[in-house]
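Chain by chain, the residues run as shown.
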Amino acid sequence: MPVDVTWLRSQMPDRRIEWHDVVDSTMTEASRLAEAAAPSGTVIGAEEQSAGRGRHGRSWHSEPGSGLYVSIILRRQFNPATLPVVTLALGLAAQEAILKATDLACDLRWPNDVLIQSKKCAGILTQLEASTHPSAIIAGIGINVNHSSFPVELNAIATSLRIASGRMESRERLLVDLLASIDTYCDLLETEGRRPIIEMFARASSYVSGRRVYVDQDGSQLRGTTAGLNDSGFLLLRSDDGTNSVIVAGGVRPCS
Ligand code: BTN
C-alpha cells in the first residue's frame, strides 16, 4: 500500500507535503523546492528512489513501497558552528520516533547511522543549500521500515523495523512522529546551542566512548578506541599508535 498522503495532511495541516511515486532522489526534489522558496518544514517523500543517495557518494537502497525516503527543508536560525550537530540532532529524532512508533530501541553510530542489533535500519544525509534565500539545510532521512529482506551485499549490515519487530509497521505513523521529533530537537539546538544535543547523543549512542573501531579516512584506516565527542560534536579517537585524533568525517565501523 502506498503512503496515505491524505491522512498525513489531515494530521499535519500546516505542513507542505509533496509525495512522489518515483524520483531519482528526494534530495534533488528538495533542492529544487528550496530554490523555489518552499517554507521550512516542507517534506518531500517518495515511494521509490531510482538513485537514492547515501553519504560519501554511496547509494541508498530504496526498495519501492517499503521504506520511508524523505527530505525535509529546514530554514532555522542555527549558528553556523552548529551545523555538524544538526546530523546528531536528526539521529536523536529518528531514534526517538522509531521508539515511539514501533517500541523498538535503536543505537546510534556517530555521526549518522541508526542501528538495531548492530545492523543499520536508518541513515541521515544533511546538505546545506547556501545559495537559497534564506539558506536552508536539507535533512535527508531513509528508514528501512517494511523490507522483508535485502540484497545479498547488504544482508550482513542492514535490517528493517519489520525484521526487528516481526510485524508490518505504519510508515505514516512513523513519519508523523519523526517530524514532531525533528521539530523538538531543532528547537532545542536553536535555543540552547550544541551542548545539550552533544550530551544527549553521547548518552544515546554506544559508539561514543570505549568502542574499538576503525575509521576510513582519505584512503587510509585508523584503528583505536572511541573517547567521547568534542565541543563541536566531532568524535575523539585514541589510536592504537598512541595518538589522539579528531574524526570530522568518515565511516566508523566496529572492529570484529
Ligand atoms: C547514509 O546513511 O549514508 C545516508 C542515507 C540517506 C538516505 C536518504 S533516503 C531520503 C533521502 N534521499 C536520498 O537520496 N538520500 C536520503
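See the structure above.
As the structure is a prediction and not an experimental result, all values here were calculated from the model. (Residues numbered from 1 in each chain as written. Predicted model: local features only at pLDDT ≥ 70, side-chain atom pairs only at ≥ 80, totals over all residues. Heavy atoms only, no water.)

Draft legend 1. Focus on the packing of aromatic side chains. According to the stated counting rule, one finds 0 aromatic pairs in the structure shown. Arginine 109 extends its terminal NZ or CZ atom over the ring of tyrosine 207, reaching a point 5.7 Å from the ring centre. Sitting over the face of the ring of tyrosine 207, arginine 211 holds its NZ or CZ atom 4.0 Å from the ring centroid. (Phe/Tyr/Trp six-rings, centres within 6.5 Å; stacked < 30°, edge-to-face > 60°. Lys NZ or Arg CZ within 6 Å of the ring centre and 35° of its normal.)

Draft legend 2. Structural view of the site of the ligand. The immediate surroundings of the ligand are formed by 20 residues, with Ser25, Gln49, Arg53, Arg55 and Lys120 found nearest. Contacts to the ligand include arginine 55, whose backbone N or O atom sits 2.7 Å from an oxygen atom. Protein chains shield 98% of the accessible area of the ligand, which is 420 Å² for the free molecule. Put simply, the parts of the chain that give the shell around the ligand at least two residues each are helix H2 (26–35), strand E3 (68–74), strand E6 (119–129) and strand E7 (136–143). Among the elements that make up the shell around the ligand, the one with the highest residue count is E6 (4 residues). Each residue belonging to the shell around the ligand can be placed in one class, and the counts come to 7 nonpolar, 10 polar and 3 charged. (Near = heavy atom within 4 Å. Polar contact = N/O pair within 3.5 Å; in protein donor to acceptor, adjacent residues only side chain to side chain. Areas by Shrake-Rupley, 256 points an atom, 1.4 Å probe, with all protein chains shown as cover. Helix = DSSP H or I, 4+ residues; strand = E, 2+ residues; numbered from the N terminus. Nonpolar A, V, L, I, M, F, W, Y, C, P; charged D, E, K, R; others polar.)

Draft legend 3. Summary view of the sheet that holds strand E12 (residues 251–254). Across the sheet, which stays open at both edges, the 5 strands sit in the order E11-E10-E9-E8-E12 with antiparallel pairing between neighbours. This sheet does not close on itself; its edge strands, each paired only once, are strand E11 (244–247) and E12. With direction set aside, neighbouring strand axes in the sheet form an average angle of 45°. (Pairing = 2+ DSSP bridges. Axes fitted to C-alpha atoms, helices over the stretch in contact; angles between N-to-C directions.)

Draft legend 4. View of the sheet that holds strand E4 (residues 107–109). Pairing within the open sheet is mixed, and its 7 strands lie in the order E1-E2-E3-E7-E6-E5-E4. Since the sheet does not close on itself, it has two edges, and those belong to strand E1 (17–23) and E4, each with one partner. Between one strand axis and the next, the sheet turns through 20° on average, direction left out of account. Where strand E2 (residues 43–49) meets E3, 4 bridges bridge the pair, whose relative direction is antiparallel. In the strand pairing of E3, isoleucine 44 is matched with serine 71.

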